[in-house]
Amino acid sequence: MSAPVDAAQLVQVVGDAIVVADPKNIITLWNAGAEKMFGFSVSEAVGQPLDIIIPERLRHRHNEGYEKTMATGQTKYGSDLLKVPATHKDGRAMSIAFTVALLRDAQGQVSGIVAVIRDETSRFQEDRQLRKRVAELEAKVGELTGARA
């Protein structure tokens, strides 16, 4: 028989960022993966709003959606992989992909939300460069075929 899994240890050793926020949008859990990904230490992140990693231009929309989710106890995202911009502590833009799940207390009331997050910045930049190169090549082909006509 195997030993039971220590959930607290699992949360800390997994490579992805795991972030939990309470119903008021305040970070209550910030694992080592989140520290590495976003640059904020546990003591800098816990107790702060999720705004610390959300680009300023998207905060209003995020906060409206967050409040609605907390009020209704439902998220339209379920197990969907969400891809959105984020901000690192040093101010640089990031692209992240994550899933979310609602956390509930013993009475079934929403007590928070957990996000499991992966940094997709380099992949996003590579995809954008490939799309740009394809567009350039298509334009060249168009010019060549147009010149022959």
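Residues numbered from 1 in each chain as written. Predicted model: local features only at pLDDT ≥ 70, side-chain atom pairs only at ≥ 80, totals over all residues. Heavy atoms only, no water.

(A) Representation of the layout of surface pockets within the structure. Of the pockets and cavities examined, the largest pocket occupies roughly 890 Å³. Every residue lining the largest pocket is counted, 30 residues in all, and those nearest its centre are H62, Y66, Y77, L82 and F98. When contributions to the lining of the largest pocket are tallied by element, the ones reaching two or more residues are β1 (17–21), α4 (56–72), β3 (82–87), β4 (93–104) and β5 (110–119). Of all the elements, α4 adds the most residues to the lining of the largest pocket, at 9 residues. A breakdown of the residues in the lining of the largest pocket according to their chemical character gives 21 nonpolar, 6 polar and 3 charged. (1 Å grid on protein atoms, 1.4 Å probe; cavity = no way out; pocket = protein on both sides within 12 Å on 5 of 7 lines; lining within 4 Å. Points joined across faces, edges and corners; volume = space filled by probe spheres on them. Helix = DSSP H or I, 4+ residues; strand = E, 2+ residues; numbered from the N terminus. Nonpolar A, V, L, I, M, F, W, Y, C, P; charged D, E, K, R; others polar.)

(B) Region of the structure containing the sheet that holds strand β2 (residues 27–30). With respect to topology, 5 strands assemble into an open sheet ordered β2-β1-β5-β4-β3, the strand pairing being antiparallel. If you trace the sheet from one side to the other, it starts and ends with β2 and β3, each paired once. The mean angle between the axes of side-by-side strands here comes to 35°, regardless of whether they run parallel or antiparallel. Here α4 sits on the sheet in contact with β1, β3, β4 and β5, set at roughly 140° to β5. (Pairing = 2+ DSSP bridges. Axes fitted to C-alpha atoms, helices over the stretch in contact; angles between N-to-C directions. Contact = heavy atoms within 4.5 Å.)

(C) Just the packing of aromatic side chains, in detail. All chains considered together, the criterion is met by 2 aromatic pairs. Summarising the aromatic geometry, the rings of W30 and F38 are spaced 5.7 Å apart at their centres and angled 40° between planes, so their arrangement reads as tilted. An angle of 80° between the planes, with centres 6.4 Å apart, marks the rings of W30 and F40 as edge-to-face. Pair noted here: W30 is in strand β2 and F40 is in the loop between α2 (32–38) and α3 (42–45), with a separation of 10 residues, a long-range link. F40 carries the same exposure label as W30, and that label is buried. (Phe/Tyr/Trp six-rings, centres within 6.5 Å; stacked < 30°, edge-to-face > 60°. Buried < 20%, exposed > 50% of the residue type's maximum accessible area, 1.4 Å probe, protein only.)

(D) Summary view of the environment of K83. On the secondary structure map, K83 appears in strand β3. The sequence separation of K83 and A139 amounts to 56 residues, and the corresponding C-alpha distance is 29 Å. Apart from residues no more than four positions distant in its own chain, K83 is found in contact with I96, A97 and R123.

(E) Examining the pairing of β5 more closely. Relative to β5, β1 runs antiparallel, the two being bridged by 5 bridges. Of the residues in β5, the one forming a bridge with V20 is V114. Sheet topology note: the β4/β5 ladder contains 9 bridges and is antiparallel. When the bridges of β5 are listed, V100 appears paired with A115. Linking β4 back to β5 in an antiparallel pair, the connection comprises 5 residues, with G108 at a positive phi of about 90°.

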